[in-house]
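# Fold and contact review
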Amino acid sequence: MASGCLPAWPDGELPQEEDAPPVSVCDRSGVIFSRYSVISDNNDDGQVNRGEHVGIDIKLFNCDGSSHGGVSATLSTTDADITIDGSYTTSYFSTIQSGKDTSGGDYFYF
């Protein structure tokens, strides 16, 4: 397993969609969060605004030397002002090849 496996982006942050908050994470499993994009929102401006029902697509990146299958991601929060749609809390990913990123099979809605 790889450790400290962030891809070599110059500032150490992972690429984000425009105006997305910076995220920098690493997981010893070799699969890390890559980026997200807004796929639906109430006013179709592509941004998360207070009071909107929003759907996002996330991508995971495989920074390990081997393929990873059976990967899932779960969205959760402790923020009382955010309600996650209970039908869309987990996304399952097909095999993620080494050095590649991929979207899950489902979007997250909140």
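Per-chain numbering applies: the sequence of each chain, read as written, is numbered from 1 onward. This being a predicted model, a pLDDT of at least 70 is required before a residue's local features are given, and a value of 80 or more before pairs of side-chain atoms are given or counted; all residues contribute to the totals for chains, interfaces and linings. Hydrogens and water molecules were not included; the side-chain quantities draw on all heavy atoms of the structure.

### Here's the deal with the overall build of the protein
Looking only at helices and strands, the protein has zero helices and six strands in total. Each helix is a run of DSSP H or I of at least 4 residues and each strand a run of E of at least 2, with the numbering of both proceeding from the N terminus. Counting from the amino terminus, the protein carries its helices and strands in the arrangement β-β-β-β-β-β. Buried means the residue's accessible area, taken with a 1.4 Å probe over protein chains only, is under 20% of the maximum for its type, while exposed means over 50%, and partly exposed covers the values in between. Relative to its full complement of 110 residues, the protein shows a buried share of 33%. Whether two residues touch is decided by their heavy atoms; if any such pair falls within 4.5 Å, the residues are in contact. A sequence separation of at least 24 residues applies to 50% of the contacts in the protein between residues at least 6 apart. Here the open area of atoms and residues is found with the Shrake-Rupley method and a 1.4 Å probe, where only the protein chains shown may cover a residue. For the protein, the accessible area works out to roughly 6700 Å², and carbon and sulfur atoms hold 45% of it.

### Quick look at the layout of surface pockets
Put plainly, a pocket is an open set of points on a 1 Å grid over the protein atoms alone with protein on both sides within 12 Å along at least five of seven lines, a cavity is a set where a 1.4 Å probe fits but cannot get out, and a lining residue has an atom within 4 Å of a point. Grid points are joined across faces, edges and corners, and a volume is the space filled by probe spheres set on the points. Considering only enclosed or pocket space, the second largest pocket measures out at about 250 Å³ in volume. Lining the second largest pocket we find V48, N49, R50, G51, E52, V54, D81, I82, T83 and F110. The classification used treats Ala, Val, Leu, Ile, Met, Phe, Trp, Tyr, Cys and Pro as nonpolar, Asp, Glu, Lys and Arg as charged, and all other residues, Gly among them, as polar. Class assignment for the residues of the lining of the second largest pocket results in four nonpolar, three polar and three charged.

### Some points on the environment of I32
Structurally, the position occupied by I32 is in strand β1 (residues 31–40). Taking C-alpha positions, I32 is 6.5 Å from N62, a pair spaced 30 residues apart along the chain.

### Brief notes about the packing of aromatic side chains
Each Phe, Tyr or Trp ring, with Trp reduced to its six-membered ring, pairs with another whose centre is within 6.5 Å; inter-plane angles below 30 degrees give stacked pairs, above 60 give edge-to-face pairs, and intermediate values give tilted ones. All told, the structure shown has one aromatic pair when counted by the stated rule. Pairing Y88 with Y109 gives two aromatic rings, centres 4.7 Å apart and planes at 65°, and the pair type is edge-to-face. Separated by 21 residues along the polypeptide, Y88 in the loop between β3 (71–74) and β4 (90–93) and Y109 in strand β6 (residues 108–109) bring together distant segments of the chain.

### Looking at the pairing of β3
Along β3, the buried face is formed by V71 and A73; none of S72 and T74, which line the opposite face, is buried. When DSSP locates at least two bridges between a pair of strands, those strands are taken to pair. As judged from the four bridges shared by β3 and β4, these two strands associate in the antiparallel manner. When the bridges of β4 are listed, S72 appears paired with Y92.

### A short note on the side chain of E52
When you line up the elements, E52 lands in the loop between β1 and β2 (55–62). When charges are counted, neither His nor the chain ends are considered; positive counts come from Lys and Arg and negative counts from Asp and Glu. The salt bridge definition used is simple: a Lys or Arg side-chain nitrogen within 4 Å of an Asp or Glu carboxyl oxygen. One buried charged residue, E52, forms no salt bridge at all, with the nearest opposite charge on R50 at 11 Å. Whenever a nitrogen or oxygen atom comes within 3.5 Å of another N or O atom, the pair is scored as a polar contact, on the condition that within protein one atom can donate a hydrogen and the other can accept it, and that pairs from neighbouring residues in sequence are kept only if both atoms are in side chains. At 3.3 Å, the side chain of E52 and the backbone nitrogen of N42 are in polar contact. Filtering out sequence-adjacent residues up to four positions away, E52 remains in contact with D41, N42, N43, D45, Q47 and F110.

Note that every value here comes from positions in space, so none of it alone points to a role or purpose.
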